[in-house]
Amino acid sequence: EPEVTQTPSHQVTQMGQEVILRCVPISNHLYFYWYRQILGQKVEFLVSFYNNEISEKSEIFDDQFSVERPDGSNFTLKIRSTKLEDSAMYFCASSRSSGRTGELFFGEGSRLTVL
Amino acid sequence: AQRVTQPEKLLSVFKGAPVELKCNYSYSGSPELFWYVQYSRQRLQLLLRHISRESIKGFTADLNKGETSFHLKKPFAQEEDSAMYYCALSFPTSGTYKYIFGTGTRLKVLA
C-alpha cells in the first residue's frame, strides 16, 4: 500500500541554521500539507499546497518558512534560520481529494531539535 | 474562528467498558468532521468521517449540530483501542479545504 515518506526521521541543528525537511507524497495525490506538533501540544496546520502553489498558510508560517515541489514527487519544507521554538515533530500529509471525501495520509514525521 | 476542542487529555477505562471521547467544534458553516487515530509507533491515520455514517472498529460518531459536537463512542472498549485520538474539522478556504485538529485525547484501556 502506498505511503507518505518523510526524511530525515530526526534532525538536530543549531539555532540559526537552515533545515530542509523532505516528503514524498503518494503519487496520485493532488493536495499536500505540512503540520507540526510541539511536544505535548496539538497538531497545528502550517501550510497547504495545491496546483503548484500555496493555497493556505497559517500565522506560524512566516517568512522563515517556505515549501517547494521541485520535481513533481518531493514536497519540501524549508526553515531558513531555525529558532529554539521550531523544535517540534513535523508531519507531511497528502490527499487525493479534499473536503468531505478527503482523507489525509500522513507520513511518520520528522523530529526537529534546535539547540 | 474555526476551532476544535477536545477537553480530555487522557481517558482511562477498563476493558469492556463504554468509551466516549468528546469533541466540540466551532464553525459557522456546514462542518466536515473526522476522527484520526495514532496507535503506538504508527502514523496518524483516518478512523472515520461523519459523512460516511459508518462504524469502524466498533467506533461511531454522530454529528450534533445543535451542540456543535462530534463525540466518538464505542460500547465495549478493547485493549487494542489504546491510542491517541484526534478530532479534525475540514472547511473550504482559498479554493481548497483546510483541516484543523484538536489537541487529542489519549485513550488507555486497562485490562
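See the structure above.
In what follows, the accompanying structure is described.

### Some words on the interface of chain B and chain A
At step 1: Opposite the 21 residues of chain B that make contact, chain A presents 26 residues.
At step 2: The largest contributions to the chain B side of the interface with chain A come from Arg 43, Tyr 99 and Phe 101 of chain B, which together make up 31% of the buried area.
At step 3: At the boundary of chain B and chain A, one finds four salt bridges.
At step 4: Among the salt bridges present, the one from Glu 3 of chain A reaches Arg 43 of chain B, with a minimum N-O distance of 3.4 Å.
At step 5: Here chain B and chain A share eight residue pairs in polar contact (both at pLDDT 80 or more) between them.
At step 6: Among the secondary structure elements, those contributing two or more residues to the side of chain B that touches chain A are β5 (32-38), β6 (45-49), β9 (83-93) and β10 (96-101) of chain B.

### A closer look at unusual backbone geometry
Most peptide bonds adopt trans geometry, and most residues besides glycine take a negative phi value.
At step 1: The peptide bond linking Thr 7 of chain A to Pro 8 of chain A adopts the cis configuration, its omega dihedral lying at -5 degrees.
At step 2: One non-glycine residue, Thr 68 of chain B, lies in positive phi territory at about 45 degrees.
At step 3: Within the secondary structure layout, Thr 68 of chain B lies in the loop between β7 (60-61) and β8 (72-74).
At step 4: Relative accessible area serves as the criterion here: at 29%, Thr 68 of chain B is assigned to the partly exposed category.

### Things to note about the pairing of strand β8 (residues 75-79) of chain A
Residue and element names in this part refer to chain A.
At step 1: For β8, a buried count of four out of five residues is recorded, marking the element as mostly surrounded by other parts of the structure.
At step 2: Where strand β3 (residues 19-24) meets β8, five bridges bridge the pair, whose relative direction is antiparallel. Counted as the bridge partner of Arg 22 is Thr 76 from β8.
At step 3: The pairing of strand β7 (residues 65-68) with β8 spans four bridges and is classified as antiparallel. Residue pairing across strands places Phe 65 opposite Ile 79, the latter belonging to β8.
At step 4: The antiparallel pairing of β7 with β8 creates a hairpin that spans six residues between the two strands, and Gly 72 there sits at a positive phi of about 80 degrees.

### Overview of the state of the cysteines
At step 1: Tallying each qualifying case throughout the model produces two disulfides over all chains.
At step 2: Disulfide pairing is shown between Cys 23 of chain A and Cys 92 of chain A; the S-S distance is 2.0 Å. Every disulfide takes its handedness from the sign of the S-S torsion; for Cys 23 of chain A and Cys 92 of chain A that torsion is -65 degrees, giving left-handed. In this pair, Cys 23 of chain A is assigned in strand β3 and Cys 92 of chain A in strand β9 (residues 88-95), connecting sequence segments 69 residues apart. Each member of the pair Cys 23 of chain A and Cys 92 of chain A is classed as buried.
At step 3: Through a disulfide, Cys 23 of chain B is tied to Cys 87 of chain B; the S-S separation comes to 2.0 Å.

### Here's the deal with the environment of Ile 60 of chain A
At step 1: Mapped onto the fold, Ile 60 of chain A is located in the loop between β6 (53-57) and β7.
At step 2: A relative accessible area of 22% places Ile 60 of chain A in the partly exposed class.

### Quick look at the sheet that holds β8 of chain B
Residue and element names in this part refer to chain B.
At step 1: In space, the three strands of this open sheet follow the order β3-β8-β7, with antiparallel pairing throughout. Of all strands in the sheet, those bounded by a partner on one side alone are β3 (19-21) and β7.
At step 2: The pairing of β3 with β8 spans three bridges and is classified as antiparallel. Across the sheet, Val 19 pairs through a bridge with Lys 74, a residue of β8.

### Considering the sheet that holds β3 of chain A
All names here are of chain A.
At step 1: Spatially, the four strands line up as an open sheet ordered β1-β3-β8-β7, and their pairing is antiparallel. One side of each edge strand has no neighbouring strand; the edge strands of this open sheet are β1 (5-7) and β7. Sheet twist, expressed as the average angle between the axes of neighbouring strands with direction ignored, equals 15 degrees.
At step 2: Pairing of β1 with β3, which is carried by three bridges, proceeds in the antiparallel orientation. Note on β3: the bridge partner recorded for Gln 6 is Cys 23.

Procedures and definitions
Residues numbered from 1 in each chain as written. Chains lettered and ligands numbered in written order. Predicted model: local features only at pLDDT ≥ 70, side-chain atom pairs only at ≥ 80, totals over all residues. Heavy atoms only, no water. Contact = heavy atoms within 4.5 Å. Buried area = accessible area lost by both parts, 1.4 Å probe. Salt bridge = Lys/Arg side-chain N within 4 Å of Asp/Glu carboxyl O. Polar contact = N/O pair within 3.5 Å; in protein donor to acceptor, adjacent residues only side chain to side chain. Helix = DSSP H or I, 4+ residues; strand = E, 2+ residues; numbered from the N terminus. Buried < 20%, exposed > 50% of the residue type's maximum accessible area, 1.4 Å probe, protein only. Pairing = 2+ DSSP bridges. Disulfide = S-S within 2.5 Å. Axes fitted to C-alpha atoms, helices over the stretch in contact; angles between N-to-C directions.

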